[in-house]
There are 2 protein chains.
Amino acid sequence: MQGPHEVVVLRYGHRPGRDDRMTTHVGLTARALGADRVLLPDNATQAAETIADITGRFGGPFAVEQSDSQQGIVRNWDGPIAHLTMYGQPIQDVESDVRSSLETGPLLVVVGGEKVPFELYEHADWNIGVTNQPHSEVAGLAVFLDRLFEGRELDEEWLDADRTVIPKETGKKVIPV
Amino acid sequence: MQGPHEVVVLRYGHRPGRDDRMTTHVGLTARALGADRVLLPDNATQAAETIADITGRFGGPFAVEQSDSQQGIVRNWDGPIAHLTMYGQPIQDVESDVRSSLETGPLLVVVGGEKVPFELYEHADWNIGVTNQPHSEVAGLAVFLDRLFEGRELDEEWLDADRTVIPKETGKKVIPV
């Protein structure tokens, strides 16, 4: 989204096969709900291709990148870091601080897979729980982004799409652009 | 959540194996974000068991049910029906109407799988898009519930849990209850 600094989602950990759809959904959710980029592990090529394909058809700007060192990205990040985890502080208590931090530098939003190292908890500026209940990293990311952008992401315009969906009360309408 | 009428999530369609995790995440998201029940297809037994197991450990009230006729549930539902679809009307335009409808009867929230019949679009009181972009039924459900309950679901208390997570700035804390 347009803003002083970008919002980047880092998918931490990926098991090829088993995690393909979840990682794809993390990336598509990041795109649809206002993040500027998603960083995936090197072994998540299938998810990366699907997300890039959707961006090509439905528009951007949105970037998909792969990296062999997620720990390196976290260690070297020059800006605030928010780690989504069911063990963290309630999102309703910290969301305004995170929003303010967007004035200071690019925000890295870390979405864990099965295992994340303890170092990540220490490195993060906030460990944030969207409830302290076990549910879904995709759901947590969605609520986080909707609150971070206070709903403005829902009115985002998409550039360079080759098709667009026209909202309808009943049925489906897709037009070429 | 406590309210005049219950909120029930219907997972429409499920392919065993391929959809197990997505259907599980739909159910866990429904539970964590304030719905009262989730209705799954008959062939989603593995997801149903996982959701029931989490409810047993982390608390309720929350019910998981399976049915062999999702079309029958929709046809016979005595209350408002909201169908989440990327082709629908923007959530920000209809959410207050949906919220008001909770005064009139139990709300059925339909979350599609790959294919939903056209009849569902006609039967729904609202076809609702959380953006008109392709992303994730889990993400759409999460944003829908957070907006429906205006964040009150984040403060929900859980009964009959055998453990609870204590929010922490860093690390993990789980205590028996």
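These numbers come from a predicted model, not from an experiment.

*Asks:* What should I look at first to understand the UniProt feature "binding site: S-adenosyl-L-methionine" (unreviewed entry) in chain A in this one?
*Replies:* All names here are of chain A. Those places that UniProt annotates as "binding site: S-adenosyl-L-methionine" (unreviewed entry) correspond, in this numbering, to L84, G112, G113, E114, K115 and V116. In this structure, G112 sits in strand β5 (residues 107–112). Residues contacting G112, with those up to four places away along its chain left out, are R11, Y12, L84 and E137. By secondary structure assignment, the location of K115 is in the loop between β5 and α5 (118–123). K115 gets classed as exposed once you look at its relative accessible area, which sits at 75%.

*Asks:* Explanation requested: the interface of chain B and chain A in the structure shown.
*Replies:* Many authors give the size of an interface as the accessible area that is lost as the parts come together. The interface of chain B with chain A comprises 53 residues on the first partner and 53 residues on the second. Summing both sides of the interface, chain B and chain A together bury roughly 4,500 Å²; the carbon and sulfur share of this comes to 62%. For the chain B face of the interface with chain A, the top three residues by lost area are R21, Y87 and Q133 of chain B, together amounting to 16%. Inspection of the region where chain B meets chain A yields 4 salt bridges. In this structure, the salt-bridge partner of R21 of chain A is D19 of chain B, at a minimum N-O distance of 2.6 Å. If you look at where chain B meets chain A, you find 16 residue pairs in polar contact (both at pLDDT 80 or more). Where the side of chain B that touches chain A is concerned, the elements lending two or more residues are α1 (20–32), α2 (45–58), β4 (81–90), α4 (91–101), α5 (118–123) and α6 (137–148) of chain B. Split into classes, the residues belonging to the side of chain B that touches chain A amount to 24 nonpolar, 14 polar and 15 charged.

*Asks:* Can you help me understand the side chain of Q70 of chain B in this one?
*Replies:* Within the element layout of this structure, Q70 of chain B appears in helix α3 (residues 70–76). Those residues within four positions of Q70 of chain B in sequence are excluded, and the remaining contacts are L10, R11, Y12, G13 and P41 of chain B.

*Asks:* I'm lost on the relation of the copies chain B and chain A in this one. Help?
*Replies:* The two chain copies are related to each other by a rotation about an axis together with a translation along it. Rotating chain B by 180 degrees about the axis while translating it 0.0 Å along that axis superimposes it on chain A, leaving an RMSD of 0.0 Å. Such a combination of turn and shift is consistent with a two-fold rotation axis. Minimal C-alpha separation from the rotation axis in chain B is found for A139 of chain B, amounting to 2.4 Å. Interface overlap between copies: 100% of the residues of chain B at the interface are likewise at the interface in chain A, consistent with a symmetric, same-surface contact.

*Asks:* Teacher, can you tell me more about the pairing of strand β6 (residues 126–129) of chain B here?
*Replies:* Sheet faces and side chains relate simply in a regular strand, where the side chains alternate between the two faces. Residues and elements named next belong to chain B. The alternating pattern of β6 places W126 and I128 on one face and N127 and G129 on the opposite face, and all of these are buried. The pairing of β4 with β6 spans 5 bridges and is parallel. What sits directly across from P90, in β6, is G129.

*Asks:* How should I be thinking about the sheet that holds strand β4 (residues 81–90) of chain A in this particular structure?
*Replies:* Note: strands within a sheet are paired through backbone hydrogen bonds, in either parallel or antiparallel orientation. Residues and elements named next belong to chain A. Strand order in this open sheet of 6 strands is β3-β2-β1-β5-β4-β6, and the pairing throughout is parallel. Both outer strands of the open sheet, β3 (63–67) and β6 (126–129), are each paired with one neighbouring strand and no more. Direction aside, the axes of adjacent strands within the sheet are offset by 35 degrees on average. Those strands touched by helix α4 (residues 91–101) are β4, β5 and β6, and its axis lies near 135 degrees from that of β6.

*Asks:* Sorry if this is basic, but what is going on with the packing of helix α6 (residues 137–148) of chain A against α6 of chain B here?
*Replies:* When two helices pack together, their arrangement is captured by the angle between the axes and the distance separating the axes. One way to put it is that α6 of chain A packs onto α6 of chain B with a least axis distance of 8 Å and a crossing angle of 50 degrees. Between α6 of chain A and α6 of chain B, the crossing angle belongs to the class labelled oblique. Here α6 of chain A and α6 of chain B pass one another in a crossing that is right-handed. In contact with V138, A139, A142, V143, D146 and R147 of chain A of α6 of chain A, α6 of chain B contributes V138, A139, A142, V143, D146 and R147 of chain B. Taken together, the residues that form the contact of α6 of chain A with α6 of chain B break down as 8 nonpolar, no polar and 4 charged.

*Asks:* Got a minute to help me understand the pattern of salt bridges in this structure?
*Replies:* Two side chains with opposite charge may pair up if their charged atoms get near one another. Residues and elements named next belong to chain B. Overall, the coordinates contain 26 salt bridges over all chains when judged by the stated rule. Residue R152 pairs with E150 through a salt bridge whose shortest N-O separation is 3.7 Å. Here R152 falls in the partly exposed class, since its relative accessible area comes to 46%. Overall, the relative accessible area of 51% leaves E150 in the exposed class.

*Asks:* Mind showing me how you'd approach the confidence of the model for chain A here?
*Replies:* Caution is warranted with low-pLDDT regions, since their predicted coordinates should not be read in detail. In the predicted model, chain A carries a mean pLDDT of 96, and 99% of its residues have values of at least 70. The complex prediction reports pTM at 0.98, with the ipTM value standing at 0.98.

*Asks:* I would appreciate a short explanation of α2 of chain B in the present structure.
*Replies:* For an α-helix, the turn length of 3.6 residues means that residues three or four places apart are oriented alike. The end-to-end C-alpha separation of α2 of chain B is 20 Å, in line with the 20 Å expected for 14 residues at 1.5 Å each. Close packing links the buried residues of α2 of chain B with β4 of chain A together with α1, β2 (37–41), β3 (63–67) and β7 (163–165) of chain B. One or two residues past the end of α2 of chain B sits G59 of chain B, with phi positive at roughly 105 degrees.

Rules and cut-offs
- Residues numbered from 1 in each chain as written.
- Chains lettered and ligands numbered in written order.
- Predicted model: local features only at pLDDT ≥ 70, side-chain atom pairs only at ≥ 80, totals over all residues.
- Heavy atoms only, no water.
- UniProt positions renumbered as here; feature names shortened; annotations may be inferred.
- Helix = DSSP H or I, 4+ residues; strand = E, 2+ residues; numbered from the N terminus.
- Contact = heavy atoms within 4.5 Å.
- Buried < 20%, exposed > 50% of the residue type's maximum accessible area, 1.4 Å probe, protein only.
- Buried area = accessible area lost by both parts, 1.4 Å probe.
- Salt bridge = Lys/Arg side-chain N within 4 Å of Asp/Glu carboxyl O.
- Polar contact = N/O pair within 3.5 Å; in protein donor to acceptor, adjacent residues only side chain to side chain.
- Nonpolar A, V, L, I, M, F, W, Y, C, P; charged D, E, K, R; others polar.
- Least-squares fit on C-alpha atoms with pLDDT ≥ 70 in both.
- Pairing = 2+ DSSP bridges.
- Axes fitted to C-alpha atoms, helices over the stretch in contact; angles between N-to-C directions.
- Parallel < 35°, antiparallel > 145°, perpendicular 65-115°, else oblique.
- Left-handed = near helix turned anticlockwise from the far one by under 90°.
- pLDDT = per-residue confidence, 0-100.
- Expected span 1.5 Å × (residues − 1).

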